[in-house]
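Residue strings, one per chain:
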Amino acid sequence: TDPATRSSIAQTARLSEQTVTSYAQQLQAVQASPDTSWLYNFGKLPLLVQQDLSSPWMAHCPSRLGMPLLKHGIPDLVDYPVECPEKDLRRREWKLYRPQLNVGPLENWHFDFYFDLRPYTRLESRQSIFSTLFVLFALGMAACFFSNDAKELALKPVENMIATVDKFRKDPLQARRLADKKLRTEIIKQVSITSRRGKNWCSSMWQAIKCCRSWKDNDIMESVILEKTIVKLGTLLALGYGEAGQRIIAHNMRGLNSVLVDVMIPGIRLNCVMGITRIRDFKIVTEILQAEVMAFVNQIAEIVHAVVDEFSGAANKQSGDEFLLVWRIPPGEDDKTSRFADMSIVAFAKMLACVHRSPVLAAYRSHPGLQQRLLARCRVHLTSGIHFGWVIEGPVGSEYKVDATYVSSNISVVENIETATLIYGVSILVTEPLIKACSPEMGLKCRLIDRISVTGSLRSLQLYTLDLDYTSLDVDKQFMLHNYMTSRQAYRVRQFMLHEKNRMWHEQVVMVNLFDTNPDIVAMRANFTLDFLHLFNMGYQNYSQGEWEVAHKFLSNGQLLDDGPSRALLCFMAETTAVPNRFKAPKDWDGVRNLGSSWTACFGRPHD
């Protein structure tokens, strides 16, 4: 099209200033009137726009001649002036409108109207950004929820199981502590559920709406069952093998290349305090109680094991009426020998007190069958022998059955020492090696009563007793009798015992001081006065040096009439005297008594 013709036609299409002004006035009148302002949505018509409407059409846009209304910046309306939309704006920021039907002189000509879409484009862009962000947020949250579910339901249980097995591998005896941690979690969970039930209906409704809690509280995942099973198996292994079997468990847990179980591992030599505790009159009790004897033994075992564990010992083997108790000295920790030795002596004293004060065991004193057979000695009683020496710790058995235990000639020594409690009429006997291993203050609490030759020992041993009169104790009336304990109560008891066990290792706790602070031990030792001990010591020294006539005078003193060791020495001297009816030591007397000799008439046969 000829540019001159196009300019001429554009001049004809130009609006006059009066027309624009008249339109602006009409627009204001329509917007000002309440009757007409709601009919149409009219925009603003700024003064600069009015001037541009009446200006000549001089702006050139490709193949078009026109009049731009946005060539000037207008506050709050136009911040980016535009001369030609096709050049200055993006394609989506403008839209072209044109008449579809032209008649008359304009049949070959038409108007093109460019509308600025930037406000709508900005709004659409914001909405697109927000939509994108929302989708990203939704996907991120979904990924987090999925990842959390995968972690909680699959990865975390597997990791917990691996960590549990790794702990068992390092220390098999941790199984019980891990079980207590799991039990604590279950108790807290049960308490929280119970507390929610007691709240008002609004709280209950809110808890019901939180659906994420429902499956956690009610459903038990297979992975959780498997994890609890691993903890139970570890606990059973720790209880079954005990402290002596931790090497067996650790050895097989480390062997991950094969499923082969190798329990027959080499033993190791170590030093330990070993003790034998025996239930007296057990054969008679078994005949009378029959099937109830299992409950009887377990009631005693509960006390024995608890006291031994409190003082860092371990129950190794139980054979009917006999308990083998061990305080093992870990390799490389010989500096703790004195502490372990002191703990063992206190443990046996406290064990004796607990048995005689227990109202559960005191109930057997009134059992008609036991009263008929045992007469005056109808009470639950323990005798113990304690020794210190080397042992071999390891498995004993075969691939069909194996026990983790201790093998040594010292085990025979301690068994014979425990049997000798019947000869000397005491509850606890202690050997010379243990007295040397413990602290000097603790050694002074034990009384030297004889020097013996015993099977299992290559040399003679001095024999000591821990003076305790259990008849001075009263039954604990404050102790409440319960047929059973809830899991929560059992957990609290174990935590208390663990706290007491750890407290025993504090530097402020001196074992020998318990002989002056523990009321039960103080009561049992009250009858053994300083005069009593001096009198016996003078009699024993004369007995040891072969002055049996002088020893007889001291040991026959009225203060020693009820003393078991004094009567045992008098009976021995009466049986082995070189001159009948006179107390004279044999010519070959070296101060050592052979413990393998026959039972003395003073005590008769042992009560099994």
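Keep in mind that this is a model prediction, so the values were computed, not measured.

Definitions and limits used
Residues numbered from 1 in each chain as written. Predicted model: local features only at pLDDT ≥ 70, side-chain atom pairs only at ≥ 80, totals over all residues. Heavy atoms only, no water. Helix = DSSP H or I, 4+ residues; strand = E, 2+ residues; numbered from the N terminus. Contact = heavy atoms within 4.5 Å. Phe/Tyr/Trp six-rings, centres within 6.5 Å; stacked < 30°, edge-to-face > 60°. Buried < 20%, exposed > 50% of the residue type's maximum accessible area, 1.4 Å probe, protein only. Lys NZ or Arg CZ within 6 Å of the ring centre and 35° of its normal. Pairing = 2+ DSSP bridges. Axes fitted to C-alpha atoms, helices over the stretch in contact; angles between N-to-C directions. Parallel < 35°, antiparallel > 145°, perpendicular 65-115°, else oblique. Left-handed = near helix turned anticlockwise from the far one by under 90°. Nonpolar A, V, L, I, M, F, W, Y, C, P; charged D, E, K, R; others polar. Bend = angle between axes of the 7 residues up to and from the residue. Salt bridge = Lys/Arg side-chain N within 4 Å of Asp/Glu carboxyl O. Arc of directions from axis to C-beta.

**Description of the overall build of the chain**
When you go through the chain residue by residue, the secondary structure sums to 25 helices and 13 strands. Look at the contacts in the chain between residues 6 or more apart in sequence, and 68% of them connect residues 24 or more apart.

**Brief notes about the side chain of D52**
On the secondary structure map, D52 appears in helix α3 (residues 47-53). Leaving out residues up to four positions away in the same chain, D52 has contacts with M67, P68, L69, K71 and H72.

**Focus on the packing of aromatic side chains**
If you walk through the whole model with that rule in mind, you get 13 aromatic pairs. Measuring from centroid to centroid gives 6.0 Å for Y543 and W548, while their planes differ by 20°, and the two rings are stacked. Judged on exposure class, the residue Y543 and its partner W548 are both buried. One aromatic cluster is present, formed by Y540, Y543, W548, F572 and W589 through successive ring pairs. For K336, the ring lying beneath its charged end belongs to W505, and the centroid distance is 5.6 Å. For the cation-ring pair, R447 lies above F536, with the distance from its terminal atom to the ring centre recorded as 4.5 Å.

**Observations regarding the pairing of strand β11 (residues 446-453)**
Within β11, 6 of the 8 residues are buried, which leaves the element mostly enclosed by the surrounding structure. Across 6 bridges, β11 lies against strand β12 (residues 461-466) in antiparallel orientation. Its bridge partner being in β12, C446 is matched across the sheet by L466. Note that β11 and strand β13 (residues 593-594) share 2 bridges and pair parallel. Note that in β13 the partner of S453 across the bridge is N594.

**Brief notes about the packing of helix α23 (residues 530-544) against helix α24 (residues 548-555)**
Between α23 and α24, the least distance of the axes is 7 Å, while the angle of their chain directions is 160°. As far as their axial angle goes, α24 and α23 are roughly antiparallel. The hand of the α23/α24 crossing is left-handed. From α23, L535, F536, M538, G539, N542 and Y543 reach across to α24, where they touch W548, V550, A551, F554 and L555. Residues of the contact of α23 with α24, tallied by class, amount to 9 nonpolar, 2 polar and no charged.

**Let's talk about the environment of K87**
With respect to the helices and strands, K87 occurs in helix α4 (residues 85-88). Distance in space between the C-alpha atoms of K87 and P62 is 8.7 Å, their sequence separation being 25 residues.

**Focus: helix α5 (residues 118-170)**
The largest bend along α5 reaches roughly 45° and is located at K151. Within α5, burial applies to R118, T121, P157, M161, T164, F168 and R169.

**Quick notes on the pattern of salt bridges**
Summed over all chains, the structure comprises 24 salt bridges. Where R503 meets E500, a salt bridge forms, and the shortest distance between an N and an O atom there is 2.9 Å. Remark: E500 and R503 occur in helix α20 (residues 487-503); sequence separation between them is 3 residues, near one turn of the helix. On the basis of relative accessible area, E500 is assigned to the buried category, the value being 13%. One network of salt bridges, in which partners are shared, links R278, R280, D321, E322 and E418.

**Topic: unusual backbone geometry**
Non-glycine residue Q290 carries a positive phi angle of around 55°. Its location among the elements puts Q290 in the loop between α11 (282-289) and α12 (293-310). Given a relative accessible area of 52%, Q290 falls into the exposed group. For S312, which is not glycine, the phi torsion reads 65° and is therefore positive.

**What about α11?**
When α11 is considered as a whole, its buried residues turn out to be F282, I284, V285 and L289. Seen from one end, α11 has its buried residues packed into an arc of 160°, which puts them on one side. Looking one or two residues beyond α11, the residue adopting positive phi is Q290, at roughly 55°.

**Details of the packing of α11 against α12**
Two measures define how a pair of helices packs: the angle their axes make with one another and the distance between the axes. Two numbers describe how α11 lies on α12: the axes approach to 9 Å, and their chain directions differ by 135°. With respect to α12, the element α11 is oriented oblique. The residues of α12 that touch α11, namely those facing F282, V285, T286 and L289, are V293, F296 and V297.

**Quick word on the environment of I392**
Tracing the backbone shows I392 in strand β8 (residues 382-397). Taking C-alpha positions, I392 is 6.2 Å from S408, a pair spaced 16 residues apart along the chain. Ignoring anything within four residues of it in the chain, the contact list for I392 reads G267, I268, R269, T405, Y406 and V407.

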